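Listed below are the residues making up each chain.
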4 protein chains.
Amino acid sequence: MSYMNGIDRINDQQKNRRCKQINILSKGYADYLQLDKLLSSQTMLSSQNDRVSYDEHLFIITHQAYELWFKQILFEMDIVCKLLVANLWNNETEMCNALKRLGRISSIFKLLLEHFSILETMSSSDFAEFRGYLKHASGFQSLQFRMIENKFGLKKENRVDCCKSYTDCFNGKKSEEFERTLTEPNLLTLVCRWLESMPVLQDNTIWDQYRRAADLWLEESTETDISCLEKRRDLMDSLFKCDQHKRLVDQGNRKFTHQALKGAIILRTYRHEKGYALANRILDSLVDIDTMLSKWRFCHFVMVHKMIGSHNSGTGGTIGSEYLRSTLSDSYRTFIDLINLPALMVPATYVPPLISQIL
Amino acid sequence: MSYMNGIDRINDQQKNRRCKQINILSKGYADYLQLDKLLSSQTMLSSQNDRVSYDEHLFIITHQAYELWFKQILFEMDIVCKLLVANLWNNETEMCNALKRLGRISSIFKLLLEHFSILETMSSSDFAEFRGYLKHASGFQSLQFRMIENKFGLKKENRVDCCKSYTDCFNGKKSEEFERTLTEPNLLTLVCRWLESMPVLQDNTIWDQYRRAADLWLEESTETDISCLEKRRDLMDSLFKCDQHKRLVDQGNRKFTHQALKGAIILRTYRHEKGYALANRILDSLVDIDTMLSKWRFCHFVMVHKMIGSHNSGTGGTIGSEYLRSTLSDSYRTFIDLINLPALMVPATYVPPLISQIL
Amino acid sequence: MSYMNGIDRINDQQKNRRCKQINILSKGYADYLQLDKLLSSQTMLSSQNDRVSYDEHLFIITHQAYELWFKQILFEMDIVCKLLVANLWNNETEMCNALKRLGRISSIFKLLLEHFSILETMSSSDFAEFRGYLKHASGFQSLQFRMIENKFGLKKENRVDCCKSYTDCFNGKKSEEFERTLTEPNLLTLVCRWLESMPVLQDNTIWDQYRRAADLWLEESTETDISCLEKRRDLMDSLFKCDQHKRLVDQGNRKFTHQALKGAIILRTYRHEKGYALANRILDSLVDIDTMLSKWRFCHFVMVHKMIGSHNSGTGGTIGSEYLRSTLSDSYRTFIDLINLPALMVPATYVPPLISQIL
Amino acid sequence: MSYMNGIDRINDQQKNRRCKQINILSKGYADYLQLDKLLSSQTMLSSQNDRVSYDEHLFIITHQAYELWFKQILFEMDIVCKLLVANLWNNETEMCNALKRLGRISSIFKLLLEHFSILETMSSSDFAEFRGYLKHASGFQSLQFRMIENKFGLKKENRVDCCKSYTDCFNGKKSEEFERTLTEPNLLTLVCRWLESMPVLQDNTIWDQYRRAADLWLEESTETDISCLEKRRDLMDSLFKCDQHKRLVDQGNRKFTHQALKGAIILRTYRHEKGYALANRILDSLVDIDTMLSKWRFCHFVMVHKMIGSHNSGTGGTIGSEYLRSTLSDSYRTFIDLINLPALMVPATYVPPLISQIL
């Protein structure tokens, strides 16, 4: 087939797409955004009473805005998961795409943090005026937020006890979509698989080099504090000895597989090497998202604490702000291994350059 | 009636309210927020095609979030207008209430500014992929945004020509609620009435004093630049001579009534006096809101400019980013007179203290 | 003295002030801001090496920006403290002034939160490149941050153990100004004194009413959960029985005096009454500031955790991110009693109106 | 040389670097940040008077914070310029580095936008109290801001008339560093050179294809509005006819060279192709920075307008807020051609795939 024939064929395909576009339904702004549904979904419970609590309107709008953005976060996470399933290595375009999606999720969490500033223009006394009406409704029941947690890779065993059976409150309303967040591979799993499949890890050369570098570092150490040196040695053992790694996983202190952890270490170590820069930025983005979610949890806790105090119980039957405080532990952080990575890194001055690839 | 009888009667009323609360309907989180409607209102037009443009989802969510917050802004504006209709002078509680509402509107606009950061994670090329589907839908058609403008006090004659008949695009869908934003007293009108009713303005004493201070200032001026001095004299004339004020109003350069302008000047001058501090903060808040709306307009313009370039026409039949640029003029600013006030203030060192009230 | 004579005398004083202003030194922008000093204060330690770590420059600038804003926070806190020493009750002007200052401190903390977004454009690997140079320098040594904590009212006994002797690291460099943050009345003390001096609290009438309302509430309770009811009763006891309050103070769980706590409760209860609205907003502002400081602590912890991991020790001899995590407890929150207040409030439907003042 | 010998040699080099690090000077936090200089650089002019204007302190701190961040922006711009001078094509690591730097500059501008929220806690009346002291100091005189403008690529002829001789106010204080911002290649120039050097542009094949696609698009157009069609044809001519491009450049409406514009178009068109994704993100980042600078200009204008009104002259002899308003025009935007690009893009359905490279 000649070059021009190829072009002709492609042109024909494009022509078909062009024709299709002409026949699209014309819709106005209000129809497109389904504003009739959207803007008729605010019913203040306090309006049933003789004295409306105006701030309830803000309460509703803010939570609806949260749910809209949760939907967007779930949407972007699905795309990232799909990209991770495909092989990202050596695929600059898709890595950039993944980075864009991850960066957007971070930005959305940042925006959600800003939402608290609005809600906090309502004082605890303002809230007290309509709090009674919310007796059976609580943010604890947000299906989408649980889905986000599940898609990140938060497991039942990571949750605090009172939250382990959080699905009870959905009253059988759990959708298939929700179930899939539990059964399908989550972000944590897919990131691990991606790191495990890192080409340079497919034989032991590079990891053996890294281990030798670690040995040299410990050997040459001028650290005079014995307990400090001992601690460093233990850390290195937890990296190189599979059983020690396994123990940390069993205790819930590590979530990455051993091979994935090795991948992350190598990526960080050789981050200036050709082909590693973009992958490194993906690690950065995962850390960013995990950090943002963590900040969101904290700001949520602080806001609820401020609204109801800490001796009071929350709405919806949970134990209130103290429950939220307990979700701030590392056990709720999906990419804790990436965050703790700096403590496992052998200083650059000990690590040999990536000669194995060049040779 | 004895004191205890009074307390008893009030206690009975409260008892009734307490009983009522017990009978409230119990609702879960999802029902309360009507999430079934809210989260089923996102339909991507590009999904009708063989190639979905994922970023369309972000486009929809962002605009829906805007509309939710527009509803909240309208809600708060209504409360502020009601508070202004009642007499605010000497009513600390309601002034604080008004301040809270105005501050919240500012905060919401600030949050809306942040929304652009999310939308801008979509590049112009990403937008180009689904822009064709939006042919007949444009932000220009946002009924609620027009209502906000109207409630602020933006008049048809303040609008740029191409926007004067903006209601055409609603196709008769204008609600009664919309009509009321045109016929009922708006924020600008109500702020003017409130300032006009300022107690100390009800006779001429204080204004005559201010005028004498202005005369002294001009007289003692060490300014050697004649044109500069001339300009200052003209400004003072525009303040003290009704016909000159009227001319500026007719030209669209002033929007306050003469009496309201006097009120604002006196409030600013004696802002440290008893009874003036809160009212001054209301002026500050009005300036803040007008500023935030202005920033929103600019960021909107810049975003659209970035998405479609400046030689291109916008969706929905408008002339695109250039239309938005034209709305940045002072003619679109409702409280321009408060913003321009500093130029009309006689320096504090020339103004006599507020003795008239003490005497 | 006649009215006009009075005006004349004041005019003379003003004339003197006007003359003074004319003789002010004329300074350009760079001199005014002392830019020669400011912009010559960035020396990268890594530049002594053969390989400069460019990100160290960001590290320096960010920390310097923090210190500039810490200075501003201290400056505003001093003004607030002075205002609290003077009698604020019935002084609208000074209450508004205090509110403005407190609001500004909150805004500055909010800005400081945003600074983390910049610092976080540096990854942990970027930081690792120059971290070695900072061996003996740590944010732990920020004198101004300790001064802020002290001025808030954080006491030595509130601090975690490892931080109790934090002054050691200043090597005798502690200024008189620093000492004053320990010896002069702090914000917590002054807020307590202000609440204690609340006019309506000067006899027992109102508090007795509140206690009767609390009794009625407990009596009429339809709560069927015994443990929940018991808990509520304990809370009320902690409010009405001095010895129980004292025990909580001794345990470090309360920081307000009993009388100040009563003042806060009464203010919140009658927040819609004439003369109470502004004072209530001051309580709101104190809660806001405490919340913002808390968010700052969390974001600081998360950032450091991300930079160095959690098994690693921080610079400057502290135990790193785990130390920062420990400062997130309620014991570090100065206005914890205001934050926990909602749990101590008797529902509005039980509380009699503020008739005592009217009668 | 054997593999192990190579490793040995590298290990020796690293050993030397390790030894060096041990001898670094130990410095405390305060010395490292030169806090003695930094925190002694705030002198309020109003403190010479009998009545200090406390808000002047905020004014100084805010402007000093601006100048610190301006220094950081200049620092990052220098790095980006250096990276652009080296060949970025096919260099993933350095492209990522450039992206990080550009993203950081955007983030800093975003932070600077937030600074206005702090300054705006000061009302125009607060400012009026100390404005007299600033007679000869104006933000107009910020050397660093001019340097940023120059480094972006803003030319004398782009500036409004009153600003053309802006250097007069520096009184010979212009440093060599400042001169270099005028003589050395700026960001605009370097971006153009980088785009011109795009490998695929080195022969005409791809551009000829794009032109044919444009012809087909115009030919097949179903647009019935003649003037609209005419406008589109003119736009395409401005792209393909060098003399028309040159005329736009001479008028100041375009700033890119013709070849650079072609590069940008091709990059945008084939943004999903291997090797184009990262370069596209650099274009996005440049647009972002230009947009942020634009937003900064607007917020600065609005703030000054609010502080001094629009009939008043600014400090430092400029014409105040109206001067700032005039800098909002497109002539002040460096990457206006990237922003206007969407209007020049032929729809994707008309453009052939990047077959030329594959063949």
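Predicted model only: the values in this text are computed from it and were never measured.

1. Details of the relation of the copies chain D and chain C
So, point 1. Here chain D sits on chain C after a turn of 180 degrees about the axis and a move of 0.0 Å along it, with an RMSD of 0.0 Å. With respect to symmetry, the two chain copies, as superposed, fit the operation of a two-fold axis.
So, point 2. Comparing contact sets, 100% of the residues at the interface of chain D also lie at the interface in chain C, consistent with an isologous, same-surface contact.

2. Quick word on the interface of chain D and chain C
So, point 1. In this assembly, 68 residues from chain D lie in contact with 68 residues from chain C.
So, point 2. Across the interface of chain D and chain C, roughly 6,700 Å² is buried in total on both sides, 62% from carbon and sulfur atoms.
So, point 3. A per-residue breakdown of the area chain D buries against chain C is headed by Tyr29, Tyr32 and Leu68 of chain D, which together make up 12% of the total.
So, point 4. Summed over the shared surface of chain D and chain C, the number is eight salt bridges.
So, point 5. We note a salt bridge from Arg101 of chain C to Asp55 of chain D, for which the minimum N-O separation is 2.9 Å.
So, point 6. At the junction of chain D and chain C, the tally comes to 32 residue pairs in polar contact (both at pLDDT 80 or more).

3. Looking at the confidence of the model for chain A
All names here are of chain A.
So, point 1. Within chain A, residue pLDDT values average 87, and 87% of them lie at 70 or more.
So, point 2. Put simply, helix α17 (residues 355-358) is where chain A has its lowest mean pLDDT, 52, and helix α9 (residues 187-196) is where it has its highest, 98.
So, point 3. Complex prediction metrics read pTM 0.93 and ipTM 0.91.

4. Focus: the state of the cysteines
So, point 1. All told, the structure shown has zero disulfides over all chains when counted by the stated rule.
So, point 2. Free of any disulfide, Cys299 of chain C has its nearest cysteine sulfur in Cys299 of chain A, 6.1 Å distant.

5. Regarding the packing of aromatic side chains
So, point 1. According to the stated counting rule, one finds 74 aromatic pairs over all chains in the structure shown.
So, point 2. Centroid distance Phe256 of chain C to Phe335 of chain C: 6.4 Å. Interplanar angle 90 degrees. Geometry classified as edge-to-face. One end of the pair, Phe256 of chain C, is in the loop between α12 (242-250) and α13 (258-269); the other, Phe335 of chain C, is in the loop between α15 (321-326) and α16 (336-340), with 79 residues separating them in the sequence. Here Phe256 of chain C matches Phe335 of chain C in class, with each residue buried.
So, point 3. Between Phe70 of chain D and Phe145 of chain D, the aromatic rings sit 5.6 Å apart at their centres with planes inclined by 40 degrees, giving tilted as the arrangement. Here Phe70 of chain D, found in helix α4 (residues 55-85), pairs with Phe145 of chain D, found in helix α7 (residues 143-152); they are 75 residues apart in sequence, far enough to count as distant.
So, point 4. Phe70 of chain D gets classed as buried once you look at its relative accessible area, which sits at 3%.
So, point 5. Judged by relative accessible area, which is 9%, Phe145 of chain D ranks as buried.
So, point 6. Ring pairing ties together the aromatic residues Tyr66, Phe70, Phe116, Phe145 and Trp296 of chain A, which thus form one cluster.

Criteria and cut-off values
- Residues numbered from 1 in each chain as written.
- Chains lettered and ligands numbered in written order.
- Predicted model: local features only at pLDDT ≥ 70, side-chain atom pairs only at ≥ 80, totals over all residues.
- Heavy atoms only, no water.
- Least-squares fit on C-alpha atoms with pLDDT ≥ 70 in both.
- Contact = heavy atoms within 4.5 Å.
- Buried area = accessible area lost by both parts, 1.4 Å probe.
- Salt bridge = Lys/Arg side-chain N within 4 Å of Asp/Glu carboxyl O.
- Polar contact = N/O pair within 3.5 Å; in protein donor to acceptor, adjacent residues only side chain to side chain.
- pLDDT = per-residue confidence, 0-100.
- Helix = DSSP H or I, 4+ residues; strand = E, 2+ residues; numbered from the N terminus.
- Disulfide = S-S within 2.5 Å.
- Phe/Tyr/Trp six-rings, centres within 6.5 Å; stacked < 30°, edge-to-face > 60°.
- Buried < 20%, exposed > 50% of the residue type's maximum accessible area, 1.4 Å probe, protein only.

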